[in-house]
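# Chain and residue survey
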Amino acid sequence: MTTSVTGALPLAPRRSGARLVGDFLLEYGMFVALVALIVFFSIASPYFLTQQNLINIGLAVSISGIMAAAITVGLIAGQLDLSIGAVLGLSAVVTALGIEKFGLPMPLAVAIAIAVSLVVGLINGALVVDVGINAIIVTLAMALTLRGFSAMLTGGQTVTISDGLLQGLVNSRPLGIPVPIYIAVMIFGVLYVYLTRTRSGWHVYAVGGNSSAALRAGINVKMIYRGTFLLTAVAACIGGIISTGRAGAGGPFFGTGAEFDVLTAVLLGGIGLGGGAGRIERTLAGVVLIGVLNNGLTLLSVDSYVQATVRGAVFVLAVILGAIALKRRSR
């Protein structure tokens, strides 16, 4: 170890310029990219910075943001739930069928959808925690099962809702801001407080960092794991209910591909797949970045195939950045 001239105090090892630049890019690169995109699209399109378009961006990312917030907690704990898109679709179907086919009051149909999502979360948690199956395998299989079940319930068709109560609530705009944006901001705020200000939130980090050490410290690791699957299932259900309200219908293929946008935003936020690290406010920034990118490309009338290519490239970049961040944390 390097020492000072007097030999009294050790000096911290110097980091190379390249290492410093790399650390800066990993920590703040996403924010720099977000600002750069905002500046670019503001110049390229006169409609980008209008109040209505900014609201449109928030509305467009509200559902993926709700699910990304929940997925962030799961990843910090070391668990990944890939059934969120299918749970969203099933929740939309259950809500629509309850209101339209069975004539249930809207609150009761919504409550049933939430109950169904909780059952899905419990099953996922039981298979991972009690049976010991890998979370990715469990939730992928669950996603396939739920997609098929949703299609069976509706005959593969979209169920249109004639009762306008849910649509009126979801599409209302208190103070000019759509309700889904309020819900997304509230969920991010609650989970931020949970992760940073509560003992249980600190336990999530401990379990994700080293589950064996957390268990020896008296933390109920199984309960943390089960809780993450319940959280992601309920978040996906909320997304399904909002989707049903916005569309005035529910279908078995609602939420198809939602996992892609959610994971892209989460990984861009620096939430690695290794667990034990990550900040939910960075996930929020990742969600906004994806929303700005999609919105800007649409305003510029970029071909849909090009947009798909760009989204794929951003996802690959997010995975690479996540792997680099994990490697650096493990040193």
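Residues numbered from 1 in each chain as written. Predicted model: local features only at pLDDT ≥ 70, side-chain atom pairs only at ≥ 80, totals over all residues. Heavy atoms only, no water.

## Considering the confidence of the model for the chain
We apply this condition: For every residue, the predictor states its confidence as a pLDDT score lying anywhere from 0 to 100. By the convention used here, residues are in contact when the closest approach between their heavy atoms is within 4.5 Å.
On average, residues of the chain score 90 in pLDDT, and 90% of them reach the 70 mark or higher. Low confidence marks residues 1–7, where pLDDT is under 50. Its contacts with residues over four positions away, or in another chain, come to nine contacts.

## Things to note about the environment of A135
Stated formally: Counting from the N terminus, the helices are DSSP H or I runs at least four residues long and the strands are E runs at least two residues long. Classification of residues uses two cut-offs on accessible area relative to the type maximum, computed with a 1.4 Å probe and protein chains only: under 20% is buried, over 50% is exposed, and between them is partly exposed.
Take A135: it is sitting in helix α5 (residues 135–154). Classification of A135 as buried rests on a relative accessible area of 7%. The spatial distance from the C-alpha of A135 to the C-alpha of G125 is 8.5 Å, given a sequence separation of 10 residues. When near neighbours in sequence (up to four residues on either side) are disregarded, A135 contacts Q79, L80, V128 and F229.

## A short note on the packing of helix α2 (residues 51–76) against helix α11 (residues 258–268)
Our working rule: Angles run from 0 to 180 degrees between N-to-C directions of axes, and those axes are lines fitted to C-alpha atoms, restricted for helices to the stretch in contact. Here the angle decides the label: under 35 degrees means roughly parallel, over 145 means roughly antiparallel, 65 to 115 means roughly perpendicular, and every other value means oblique. With the far helix as reference, a near helix turned anticlockwise by less than a right angle produces a left-handed crossing, and one turned clockwise produces a right-handed crossing. Nonpolar residues are Ala, Val, Leu, Ile, Met, Phe, Trp, Tyr, Cys and Pro. Charged residues are Asp, Glu, Lys and Arg, and all others, Gly as well, are polar.
Two elements in contact, α2 and α11, have axes whose closest approach is 9 Å; the angle formed by their N-to-C orientations is 60 degrees. Classed by the angle they form, the pair α2 and α11 counts as oblique. In terms of crossing hand, the pair formed by α2 and α11 is right-handed. Facing S64, M67, A68, I71, T72 and L75 of α2, the residues of α11 in contact are A258, V262 and V266. Here the residues of the contact of α2 with α11 are counted per class, giving seven nonpolar, two polar and no charged.

## Focus: the packing of aromatic side chains
Short version of the rule: To pair, rings of Phe, Tyr and Trp, with the six-membered ring standing in for Trp, must have centres within 6.5 Å; the planes then decide the type, stacked if under 30 degrees apart, edge-to-face if over 60, and tilted in the middle.
Using the criterion set out here, one finds three aromatic pairs in the structure. Site record: aromatic cluster; members linked through ring pairs are F40, F41 and F48.

## Observations regarding a nonpolar patch on the surface
Convention followed: Each patch is built from residues lacking any salt bridge and having more than 30% relative accessible area; the joining distance is 9 Å for like charges and 5 Å for nonpolar side chains (Val, Leu, Ile, Met, Phe, Trp, Tyr). The method behind every accessible area is Shrake-Rupley, applied with a 1.4 Å probe, and residues are considered shielded solely by the protein chains displayed. By convention in these notes, a salt bridge is any Lys or Arg side-chain nitrogen within 4 Å of a carboxyl oxygen on Asp or Glu.
A contiguous nonpolar patch, built from V316, L317, I320, L321 and I324 and spanning about 390 Å² of accessible area, is present on the exposed surface. Position of L321 relative to the elements: it lies in helix α13 (residues 304–329).

## Quick notes on the environment of V138
Residue position: V138 is located in helix α5. In this structure V138 comes out as buried when scored by relative accessible area, which is 6%. Sequence separation between V138 and L127 is 11 residues; the distance between their C-alpha atoms is 6.9 Å. Excluding anything up to four places from it in sequence, V138 contacts N124, L127, V128 and I133.

## Some remarks on the packing of helix α4 (residues 106–131) against α5
Interhelical geometry of α4 versus α5 gives an angle of 145 degrees and a closest axis separation of 9 Å. Both α4 and α5 take part in a crossing whose hand is right-handed. Two secondary-structure elements touch here, α4 through V120, I123, N124, L127 and V128 and α5 through A135, V138, T139, M142 and L146. Looking at the contact of α4 with α5 residue by residue, the classes come out as eight nonpolar, two polar and no charged.

## Digging into the pattern of salt bridges
Taken as a whole and assessed by the stated rule, the structure comprises three salt bridges. Residue R226 pairs with D130 through a salt bridge whose shortest N-O separation is 2.8 Å. Linking R226 in helix α10 (residues 221–247) with D130 in helix α4, this pair joins segments that are 96 residues apart in sequence. Judged by its relative accessible area of 29%, R226 falls in the partly exposed class. Here D130 falls in the partly exposed class, since its relative accessible area comes to 47%.

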